Amino acid sequence: MAKKSTLLTLLLGVSLALSGCGGGAETPASPGADPAPQPSGTPSEPKEEAKPEIRMIMQYGLFDPAKEFTSKYITEKTGYPVQYEMLPAENADEKLNLLVANKENFDVMKLNAAQFYNLATSGALEPMDELLEAHGNHINQAIKPESWESATIDGKKYAIPETGSGVSIGEELIIRQDWLDELGLSVPTNADELYNVLKTIKEKKNVIPLTGSKDSIYGDIATTFGVLTDWKEVDGKLVHKAEQPEMKEFLGYMNKLYAEGLLDTEMPINTAQKAIEKFASGKAAAYKLAWWNAGSTIAALNESNPDAKVSVIPYLKGKDGKAVVGANANTTWFIAIPKASKHKEDAVKFLNAKLEPETFKGLAIGEEGVHHEVKDGKYYPILPKFNDDLNNASAFMTGVDEEKYPIYWQARVRKDPVLQNYFETFQKNAEGLVVVDPMSTAPPIDAVSRNTLKLRTLLDDNALKFITGSEPLESYDTFLAQWRAEGGEDMVKAANEWYQSAQ
Amino acid sequence: MQLMKQDLDLKKITAGAGGNAIKSSPGEKLFAAFNYAFFILMGMTTMLPFINLLAKSLSSEQAVVSGRVGLFPIGIQFETYYYVLQDSMFLTSLRTSVLLTVIGTALSLFMTTITAYPLSKTRLRGRKWLLLMFVFTMLFSGGLIPTYLLMQNLNLVNTLPVLFLPAMVNVFNMLIIKNYFEGLPESLEESAKLDGAGNIRILIHIILPLSLPVLATIALFFAVAFWNDYFAAMIYITNPELKPLQLYLKELIVSSGGEFLKNNVDAAINMTPQSIQASSILLATIPILLVYPFLQKYFVKGVLVGSVKG
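On a predicted model such as this, the values are computed, not experimentally measured, just so you know.

A short note on the pairing of strand β15 (residues 372–375) of chain A
All names here are of chain A. Note that β15 and strand β16 (residues 378–381) share four bridges and pair antiparallel. Among the inter-strand pairings, histidine 372 is bridged to a residue of β16, identified as proline 381. The turn linking β15 back onto β16 is made up of two residues, and aspartate 376 within it adopts a positive phi angle of 30 degrees.

Observations concerning the interface of chain B and chain A
Facing 43 residues of chain B, the contacting portion of chain A comprises 43 residues. Carbon and sulfur atoms supply 57% of the area buried between chain B and chain A, which totals about 3600 Å² over both sides. Considering only the surface of chain B that becomes buried against chain A, Val65, Thr238 and Ile269 of chain B emerge as the three largest contributors, covering 15% of it. Applying the counting criterion to the chain B and chain A interface returns three salt bridges. A salt bridge links glutamate 90 of chain A to lysine 250 of chain B; the nearest nitrogen and oxygen atoms lie 2.4 Å apart. The interface formed by chain B and chain A holds 13 residue pairs in polar contact (both at pLDDT 80 or more) in total. Only α3 (61–65), α5 (88–119), α7 (144–153), α12 (231–236), α13 (245–254), α14 (258–261) and α15 (265–269) of chain B provide two or more residues apiece to the side of chain B that touches chain A.

Quick notes on the packing of α5 of chain B against helix α10 (residues 199–210) of chain B
Residue and element names in this part refer to chain B. At a minimum axis distance of 12 Å, the contact between α5 and α10 shows a crossing angle of 105 degrees. Accordingly, the angle class assigned to the pair α5 and α10 is roughly perpendicular. Taken together, the residues of α10 that come into contact with α5 (itself represented by Thr113, Ile114 and Tyr117) are Asn199, Ile202, Leu203, Ile207 and Leu208.

Examining α10 of chain B
Each full turn of the α-helix corresponds to 3.6 residues, which orients residues three or four apart in the same direction. Residue and element names in this part refer to chain B. Compared with the 16 Å implied by 1.5 Å per residue over 12 residues, the 16 Å span of α10 between its first and last C-alpha is a close match. Taken residue by residue, α10 has Ile202, Leu203 and Ile207 as its buried positions. An end-on view of α10 places all buried positions within 95 degrees of arc, on one side of the element. Opposite the buried face of α10, by more than 90 degrees, sit the exposed residues Ile200, Arg201 and His205. Contacts made by the buried residues of α10 are with α5, α8 (171–183) and α9 (186–194).

Section: the sheet that holds strand β2 (residues 82–86) of chain A
Residues and elements named next belong to chain A. Here we have five strands laid out as an open sheet, ordered β2-β1-β3-β14-β6, and mixed in their pairing. If you trace the sheet from one side to the other, it starts and ends with β2 and β6 (160–162), each paired once. The sheet shows a mean angle of 20 degrees between the axes of neighbouring strands, taken without regard to direction. Alignment of strand β1 (residues 54–58) against strand β3 (residues 108–112), held across two bridges, turns out to be parallel. Following the sheet pairing, isoleucine 57 is matched in β3 by methionine 109.

Digging into the side chain of glutamate 251 of chain B
The topology assignment puts glutamate 251 of chain B in helix α13. There is a polar contact of 3.3 Å between the side chain of glutamate 251 of chain B and the side chain of tyrosine 60 of chain A. Residues in contact with glutamate 251 of chain B, not counting those within four places in the same chain, are Tyr60, Leu62, Pro88 and Ala89 of chain A together with Lys243 of chain B.

Thoughts on the domain arrangement of chain A
Considered domain by domain, chain A is made up of domain 1 (54–166 + 331–404) and domain 2 (171–327 + 445–502). Placing the centre of domain 1 of chain A and that of domain 2 of chain A at their C-alpha centroids yields a distance of 34 Å.

Things to note about the nonpolar core
As a rule of thumb, soluble globular proteins bury nonpolar side chains together. Core analysis: the largest hydrophobic core is formed by 94 residues, its most contacted members being Trp291, Phe360 and Tyr422 of chain A. The dominant element in this core, judged by the number of residues it contributes, is helix α16 (residues 274–309) of chain B, at eight residues. Counting contributing residues, this core receives three or more from each of domain 1 (54–166 + 331–404) and domain 2 (171–327 + 445–502) of chain A. If sequence neighbours within four positions are ignored, phenylalanine 360 of chain A has contacts with Lys354, Leu355, Met397, Gly399, Val400, Asp401, Tyr405 and Tyr408 of chain A. Core analysis: the next-biggest nonpolar cluster, separate from the first, contains 59 residues, Ala120 of chain A together with Leu100, Leu131 and Tyr236 of chain B among them.

Quick word on the pairing of β1 of chain A
By the criterion of burial, β1 of chain A is predominantly enclosed, with five of the five residues buried. Of the two faces of β1 of chain A, the one holding Ile54, Met56 and Met58 of chain A and the one holding Arg55 and Ile57 of chain A are both buried throughout.

Looking at the packing of helix α12 (residues 272–280) of chain A against helix α13 (residues 294–304) of chain A
All names here are of chain A. Where α12 contacts α13, the two axes come as close as 8 Å, and the packing angle between them is 35 degrees. Once α12 is placed against α13, the crossing between them reads as right-handed. Of α13, the residues touching α12 (which contributes Ile276, Phe279 and Ala280) are Thr297, Ala300, Leu301 and Ser304. By residue class, the composition of the contact of α12 with α13 is five nonpolar, two polar and no charged.

What to know about the sheet that holds strand β7 (residues 171–176) of chain A
All names here are of chain A. What the four strands build is an open sheet, ordered β8-β11-β7-β12; its pairing is mixed. Each edge of the open sheet is held by one strand with a lone partner, namely β8 (208–211) and β12 (310–312). On average, each strand axis in the sheet is tilted by 25 degrees relative to the strand beside it, whichever way the strands run. Relative to strand β11 (residues 284–290), β7 is paired through five bridges, and the arrangement is antiparallel.

Regarding helix α21 (residues 476–502) of chain A
Taking 1.5 Å per residue as the helical rise, α21 of chain A with its 27 residues ought to reach 39 Å, whereas the 32 Å between its terminal C-alpha atoms falls clearly short. At alanine 485 of chain A, α21 of chain A shows its maximal bend, which comes to roughly 70 degrees.

Structural notes on the confidence of the model for chain B
All names here are of chain B. In the predicted model, chain B carries a mean pLDDT of 84, and 87% of its residues have values of at least 70. At the low end of the mean pLDDT range in chain B sits helix α1 (residues 2–19), at 48; at the high end sits α5, at 93. Overall, residues 1–8 carries pLDDT values under 50, and its contacts beyond four positions in sequence, including any with other chains, amount to 12 contacts. Note that residues 306–310 has pLDDT below 50 and, in this model, zero contacts with residues that lie over four places away or in other chains.

Regarding the pattern of salt bridges
Tallied over the full model, the rule gives 32 salt bridges over all chains. The salt bridge partner of glutamate 104 of chain A is arginine 55 of chain A, with a shortest N-O separation of 3.1 Å. In this pair, glutamate 104 of chain A is assigned in the loop between α3 (92–101) and β3 and arginine 55 of chain A in strand β1, connecting sequence segments 49 residues apart. What makes glutamate 104 of chain A buried here is its relative accessible area of 11%. Since its relative accessible area comes to 14%, arginine 55 of chain A is described here as buried. A salt bridge links arginine 68 of chain B to glutamate 303 of chain A; the shortest N-O distance between them is 2.6 Å. With arginine 68 of chain B in the loop between α3 and α4 (79–85) and glutamate 303 of chain A in helix α13, the pair connects residues from two separate chains. Taking the relative accessible area as the measure of exposure, arginine 68 of chain B reaches 33% and is therefore partly exposed. In the salt-bridge network here, residues are joined through shared partners; they are Lys121, Arg123, Glu189 and Lys193 of chain B.

What counts, and at which threshold
Residues numbered from 1 in each chain as written. Chains lettered and ligands numbered in written order. Predicted model: local features only at pLDDT ≥ 70, side-chain atom pairs only at ≥ 80, totals over all residues. Heavy atoms only, no water. Pairing = 2+ DSSP bridges. Helix = DSSP H or I, 4+ residues; strand = E, 2+ residues; numbered from the N terminus. Contact = heavy atoms within 4.5 Å. Buried area = accessible area lost by both parts, 1.4 Å probe. Salt bridge = Lys/Arg side-chain N within 4 Å of Asp/Glu carboxyl O. Polar contact = N/O pair within 3.5 Å; in protein donor to acceptor, adjacent residues only side chain to side chain. Axes fitted to C-alpha atoms, helices over the stretch in contact; angles between N-to-C directions. Parallel < 35°, antiparallel > 145°, perpendicular 65-115°, else oblique. Expected span 1.5 Å × (residues − 1). Buried < 20%, exposed > 50% of the residue type's maximum accessible area, 1.4 Å probe, protein only. Arc of directions from axis to C-beta. Domains from an automatic or database assignment. Core = buried A, V, L, I, M, F, W, Y, C linked by side-chain atoms within 4.5 Å. Left-handed = near helix turned anticlockwise from the far one by under 90°. Nonpolar A, V, L, I, M, F, W, Y, C, P; charged D, E, K, R; others polar. Bend = angle between axes of the 7 residues up to and from the residue. pLDDT = per-residue confidence, 0-100.

This is how it looks when you write it as structure tokens:
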């Protein structure tokens, strides 16, 4: 009985506090006060009293936030002292649930999509519409309407979506050009040519023709068959890649490579690190490289094989003679205010102040002449100052200016010429070919959020089985039935319901 | 830990061989030689991962990335060690771990011993029930979330004491000490009593000096457990300043691995080079390894004391 009444009081208190915030005048309630309802009769003057400390929980990063240049900069510019805490690198979701269940009074949380959805639907997050209206002018300017969609549940905004560095392409096949020259081969342009090139390399060079890791099954080769990202629009309907008939063709092709020894036999157990090891030591001829690994991979290859030359294989063409590249434009991070926060208004003001254009620019790339310089309209980092001060700056972001940040952000890629070269080559090759996943702009949908991760693991595990032939391709339909039964059917149905209504 | 055990076995065997060395038949010699060879080989096997790490930590990153480093470093450099030793996160964690291990071990040993002593006395009233209650906590606990709630209500979350206070009386270790105490002759206590010594005096001046071997062993158990513990810190600590070394190491490794880097391009760009990971692991392991030699003489003594008493 006692428990019930405290709960009721709490609910009442929160709802009163809420209506107090939104309904009344623009004057903020005095910061630092407890969440008990304020007497709204006398609208208090906006006071110059000390700003309360904001308690923020962020994702894991290998640094001490309190000692970072960025954290000092933020406090200096916004006037808010901030206490930063981090989720652990592993079991972050469990830890977060523990913290929320115990009503730890964080003011700002930086969450990933699954965490955000979980907390928002369990009622742990504060709807932000009214707060944003009152104190969020810079935030509202920085974030595009379609991004807001991703953080809106039942018509209410539960977080500030952070889209990060924008749509960019991560991986592309690379191949040993020196070996191609030696064997008189040219860079393949489609799946059949790739097969022939790999076969010749296998016969003549006795190395692993194509290596890869278990974490990255799809990509360049899959796109030639029309398998892009998770979702694809076919005749006005969303189809998941597991249900695409092209998936079977792709797996069949990979199985052929595997059976003939053209694909690394250890691919199903390789980590990216292991696959890179094989390519960098000259034991493998081709690999789907992520540009962020390019610096160390190419340096290591040049050291162990000084004569090695590497070419990027332009995205392979499909049967219709056209190349495509799949990309996700999902919101990466969600910046939310939990119900348990004691400084909700200040939290929004704090987040808003961080997105003030000049402050934000400093946050992203520091000061011109100190941290970065501008050359032909592009931002270049000044090293080592940029690295010393801003290496971890992205972790402090709480929403970004969606127009400018992708441009600012590229300064990070220009820290290393090899990295920059690969990043820019990949993006240039993908220009005009990118197909963005149609689910990228979807709001959180229950059946999708609940099943995505689980079904992705199921699909990937089975894809590896089909590739290695430990499971014959004929039984793909049996697997598909299992995939549908374990939530795939619900997920596809819910996704399509949203898609039809959004049209 | 395993390594040291084998070392200990070697010691025992050498001691045994030394004792009978006056006359040994060729067969015995062969047997001894085989033993040496076998255990040295076993010892070497457990050393291999360490040697590999050492080689990696001293090699150039290019050599490590291309997987060419085995037992010997390629392209020797020492910058990784320089880098780790001036890294403020590593040093902060090291300080936390040393503090935790020293304070935790001292307090736990004290608490566990003074719990074990009364329980080793048959004249203690209700001893059976008390013991049962202690053993009960070995088998059943409140579970993670209630424990977390308790710590939170005690205002212990995000403090150093939360890492050692809840673990101060370890029932398993307490039972070991209790059994050792029970093995000491009752007459020692009686004679001290006749000379007018009180309970505390008997414990401090008679019982504890005789129990050094078991105390050293348990102290080592505690020290290793505190040094290696990352779980408590993972649960209770979110303040980076209070993270012990093992948690730092775990996060260093996890944050450089596949799953963590997915969808986090910024983390991927800043990935820690493998040679720096290797030197961090080595530097975090060496301090606790250094404790073993100092405590080893007590182990040997413990074995001897046991054998004389029979």
